[in-house]
Amino acid sequence: MNSTIKGYDGRFGEAYGGDLPNGVHINVVLAERGSATYAEAVRSMASPSKGHVPFLACLGANNLVRPTTVVVNKVTLEDEEYGRLFSGATQIGLSQGVLDAIKENYIDEQSIEDLALLVACWLDPDAKEETTIRLNARKAMYEAIVKATQPVTENYIQDQLNFYENARNNFYKGN
């Protein structure tokens, strides 16, 4: 059993899978039934906007992944091919990543019924390779859940303090 925290509600995680242009970035919030966090996950399902329609992650038609995983896209879905990649490869990868986290005991099987995941997902608008996208989404989802379920350690904080002055990401390469 992995050393996970007790209680999932309100835990946050994030991860990036792959490289541009087929990269996927995930933000995830874990929510326990009956909590304000869970209510927010439900509310997000009822709050679509143009180009941003939350959906429940599935492994395919009539195969809802559990715990219930509400996915919201970060990039406006305007292009048909991008929408297909997001709804297809990305969705399957996210679902597989959730199940990987269960398989590796980051999500306790007894908690599945009372847990929901709220996911904000970015897929590079220039993405083209379906299988690569699926694998990147799977990796990002799994890693985001792992991060959400792990306690913040003194070593983690120290690593951030050692790193933060030289921080870089895919969108900032400056001095």
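We now turn to the structure provided with this report. All values reported here derive from a predicted model rather than from experimental measurement.

A word on the overall build of the protein chain. In terms of helices and strands, the protein chain carries 4 helices and 5 strands. Its C-alpha atoms give the protein chain principal-axis dimensions of roughly 45 × 45 × 30 Å. Taking all 175 residues of the protein chain together, the buried fraction comes to 41%. Of the roughly 9,900 Å² of accessible surface on the protein chain, a fraction of 51% belongs to carbon and sulfur atoms. Distance between charge centroids for the protein chain: 1 Å, based on 16 positive and 23 negative side chains.

A word on the layout of surface pockets. Considered as a void within the structure, the second largest pocket measures approximately 270 Å³ in volume. In this structure, the second largest pocket is lined by Arg11, Phe12, Gly13, Glu14, Lys147, Gln150, Pro151, Val152, Tyr156 and Gln160. Those elements that place two or more of their residues in the lining of the second largest pocket are strand 1 (12-17) and helix 4 (154-163). In terms of residues, the lining of the second largest pocket owes the most to one element, strand 1, which gives 3 residues.

Further remarks concern the packing of helix 2 (residues 80-103) against helix 3 (residues 130-149). Two elements in contact, helix 2 and helix 3, have axes separated by 7 Å at closest approach and are oriented at 40°. The orientation of helix 2 with respect to helix 3, classified from their angle, is oblique. By crossing handedness, the relation of helix 2 to helix 3 is classed as right-handed. Counting all contacts with helix 2, which are made through Arg84, Leu85, Ala89, Thr90, Ile92, Gly93, Leu94, Gln96, Gly97, Val98, Asp100 and Ala101, the residues of helix 3 involved are Glu130, Ile133, Arg134, Ala137, Arg138, Met141, Tyr142 and Ile145. Among the residues making up the contact of helix 2 with helix 3, the classes are represented as 11 nonpolar, 4 polar and 5 charged.

Right, let's get into the environment of His52. Residue placement: His52 occurs in the loop between helix 1 (36-45) and strand 3 (55-56). The class of His52 is buried, set by a relative accessible area of 18%. Taking the C-alpha atoms as reference points, His52 and Asn155, separated by 103 residues in sequence, lie 38 Å from one another. In this structure His52 touches Asn73, Lys74, Val75 and Thr76, once residues within four positions along its chain are discounted. A distance of 2.9 Å separates a polar side-chain atom of His52 from the backbone oxygen of Asn73.

Reading the values: rules and limits
- Residues numbered from 1 in each chain as written.
- Predicted model: local features only at pLDDT ≥ 70, side-chain atom pairs only at ≥ 80, totals over all residues.
- Heavy atoms only, no water.
- Helix = DSSP H or I, 4+ residues; strand = E, 2+ residues; numbered from the N terminus.
- Buried < 20%, exposed > 50% of the residue type's maximum accessible area, 1.4 Å probe, protein only.
- Areas by Shrake-Rupley, 256 points an atom, 1.4 Å probe, with all protein chains shown as cover.
- Lys, Arg positive; Asp, Glu negative; His and termini not counted.
- Charge placed at Lys NZ, Arg CZ, Asp CG, Glu CD.
- 1 Å grid on protein atoms, 1.4 Å probe; cavity = no way out; pocket = protein on both sides within 12 Å on 5 of 7 lines; lining within 4 Å.
- Points joined across faces, edges and corners; volume = space filled by probe spheres on them.
- Axes fitted to C-alpha atoms, helices over the stretch in contact; angles between N-to-C directions.
- Parallel < 35°, antiparallel > 145°, perpendicular 65-115°, else oblique.
- Left-handed = near helix turned anticlockwise from the far one by under 90°.
- Contact = heavy atoms within 4.5 Å.
- Nonpolar A, V, L, I, M, F, W, Y, C, P; charged D, E, K, R; others polar.
- Polar contact = N/O pair within 3.5 Å; in protein donor to acceptor, adjacent residues only side chain to side chain.

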